[in-house]
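Take a look at the letters that make up each chain.
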Amino acid sequence: MLPKDDLLKSIDNSDCLTRVLDQADQAVKTWDIVVTDFLSPPEQIEAEALLQRLTDVHSLAWGGYPQAERQRLAIARSDIPLDQSQIPLSLLTVGGNFMFDPASHSDFLGALLGTGLDRGKVGDIIVLGERGAQAIVVPELAEFLTQSLTQVRSVPVKTQPLEWDQLRVRAPQKKDLTTVEASLRLDAVASAGFGMSRSKMADLINSGDVRVNWKPVTQASYTLSTGDSIAIRGKGRLEIGEIAVTKKERYRVSLTRHS
């Protein structure tokens, strides 16, 4: 394995990646399959890029369904096969009547972390409106949560395990579109891609709800480039494709929207 200091140069999520390297070292030494906590998209991107530099290990990511945002990595020696079944996950329902006190993703996450959980123990949370939510967690804490997670906002909830065939996520949808803009500003391109007004998009950007390449961007004037990814929670993700300059010196931008 390469020296840790060399591998961690120019890494944004150094604490997380240090743990991943230690787990990769453990996988090599013990011949075991080692599984990380849930990683955020930027952590996962950096972790997979780092592990690809190591010739003696490989990895596989899984978060419970194909488009899961937060995923765990299984790490093993290169000659040991990996599949999704080797990444332990549990699915929980957090049920209650939220008709008169609606709860957001942040509310459910806050309630989960309020039981004392570390963020890395919680995967995706699927909000189901007035019925509550579903949460993907590490299996060793599932029973604890059935006892400890009893309220979200002002609403009493019942937390129970679910079978995976009860997971309520929509099949991923993809749409290709093209927009012509005077500039490559984030608010201009994203408003066209997500089909909303530019002022509404600017409000979402200013409030920190928009991420570019999985990092929050709060400047509406941020300049986009080919290959960039724009994500808004609950509204999907937009990929920036080919950018061409028209005869009138405007920008024709190819977009792919995932929802």
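The rules behind each value
Residues numbered from 1 in each chain as written. Predicted model: local features only at pLDDT ≥ 70, side-chain atom pairs only at ≥ 80, totals over all residues. Heavy atoms only, no water. Pairing = 2+ DSSP bridges. Helix = DSSP H or I, 4+ residues; strand = E, 2+ residues; numbered from the N terminus. Contact = heavy atoms within 4.5 Å. Axes fitted to C-alpha atoms, helices over the stretch in contact; angles between N-to-C directions. UniProt positions renumbered as here; feature names shortened; annotations may be inferred. Domains from an automatic or database assignment. Buried area = accessible area lost by both parts, 1.4 Å probe. Salt bridge = Lys/Arg side-chain N within 4 Å of Asp/Glu carboxyl O.

Draft legend 1. Focus on the sheet that holds strand S11 (residues 210-212). With respect to topology, 6 strands assemble into an open sheet ordered S10-S15-S14-S13-S11-S12, the strand pairing being antiparallel. For this open sheet the edge positions go to strand S10 (174-181) and strand S12 (215-216), each flanked by a neighbour on one side alone. The pairing of strand S14 (residues 236-245) with strand S15 (residues 251-258) spans 7 bridges and is classified as antiparallel. When the bridges of S15 are listed, alanine 244 appears paired with arginine 252. In the packing of helix H6 (residues 186-194) onto the sheet, contacts are made with S10, S11, strand S13 (229-232), S14 and S15, and the angle to S14 comes to roughly 115°.

Draft legend 2. Structural context of the UniProt feature "domain: RNA-binding S4" (unreviewed entry) in the protein. The positions UniProt marks with the feature "domain: RNA-binding S4" (unreviewed entry) are residues 184-244. The span residues 184-244 is 30% helix and 30% strand, and its two end C-alpha atoms sit 11 Å from each other.

Draft legend 3. Quick look at the domain arrangement of the protein. Assigned domains within the protein: domain 1 (14-86), domain 2 (90-166) and domain 3 (174-258). Counting the surface lost from both domain 1 and domain 2, the interface buries some 830 Å², and carbon and sulfur atoms represent 51% of this. When the buried area of domain 1 at its contact with domain 2 is split by residue, Asp37, Phe38 and Arg70 rank highest and sum to 62% of it. Summed over the shared surface of domain 1 and domain 2, the result is 1 salt bridge.

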